[in-house]
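Architecture and fold: a report
Now for the letters of each chain:
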Amino acid sequence: MRILLVEDEPEMAEALQGALHRHGMLVDLAGDIAHATEALQSRVHDLLLLDRQLPDGDGATLVAKARAVHVDLPVIMLTARGTLTDRIQGLDLGADDYLVKPFAIEELLARIRAISRRPAQIALPVASIGNLRYDFGAREVFVDGERLRLQRRQLLLLEALAYRHGRTVQREVLQEAVYGFDDAIQSNALDAHVSKLRRVLTEGGAHVEIHVIRGVGYLLREVANASPR
Ligand code: CA
């Protein structure tokens, strides 16, 4: 399960991230609305954990943005605003659940379990690029219907490219997709991952290419004149 945690208080963010990691969840952390918006656009999440009082505005405005990308993305709001009006407003704004700070991590975990038991109303999309299919729900890649196994970072890179296939994806977005927001990385590492991914895709028989847009990023597209295998 991949969670987008939007929380600006470092101690709170660290404590939550640590606890969720220990329970086997992948956590992307964003400290404000701007970064959270980027994260929502660059990858698929299974849950949004959202603080409302953020440095650049009310976190509640992210609910609509998130749902525009993923219609039934579960949202749990985490907030210090605990009045009845605030809770009702939070739910009216589209949150599935609402936790008032301070709360016990165990309670958050229980709410996450409850939300993830709900059946998805609409299946996550699948991207088809040439003979390659990327299933965002299962995080699986198929070439001519056969599963292609990728290493984790390659999979995350392909996911970010497939999500916006046919369009240029900026280097920063790809770096964040592969490493998360909190990792410091060298920018040439991204190019090395792209090279490896290209090789794996070619060897796997995928009729796609990862095109470099100098100084901007990369673009995934179908090879125009691919001959059938
Ligand atoms: Ca806050």
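Let me sum up the structure you'll find in this document. Keep in mind that this is a model prediction, so the values were computed, not measured.

1. Thoughts on the pattern of salt bridges
In total, this model carries 13 salt bridges according to the counting rule given. We note a salt bridge from arginine 2 to aspartate 28, for which the minimum N-O separation is 2.8 Å. Of this pair, arginine 2 sits in strand β1 (residues 2-6) while aspartate 28 is found in strand β2 (residues 26-30), placing the two residues 26 residues apart along the sequence. We note that arginine 2, like aspartate 28, is buried. Each of Glu7, Glu9, Asp51 and Lys101 takes part in a single network of salt bridges with overlapping partners.

2. Considering helix α3 (residues 61-69)
Turning to α3, its buried residues are Leu62, Val63 and Ala66. Along the axis of α3, the buried residues cluster in a sector spanning 105°; they form a single face. Residues of α3 that are exposed and point over 90 degrees away from its buried face: Ala64 and Ala68. Buried-residue contacts for α3 involve β1, α2 (33-42), β3 (47-51) and β6 (75-79).

Conventions used here
- Residues numbered from 1 in each chain as written.
- Predicted model: local features only at pLDDT ≥ 70, side-chain atom pairs only at ≥ 80, totals over all residues.
- Heavy atoms only, no water.
- Salt bridge = Lys/Arg side-chain N within 4 Å of Asp/Glu carboxyl O.
- Helix = DSSP H or I, 4+ residues; strand = E, 2+ residues; numbered from the N terminus.
- Buried < 20%, exposed > 50% of the residue type's maximum accessible area, 1.4 Å probe, protein only.
- Arc of directions from axis to C-beta.
- Contact = heavy atoms within 4.5 Å.

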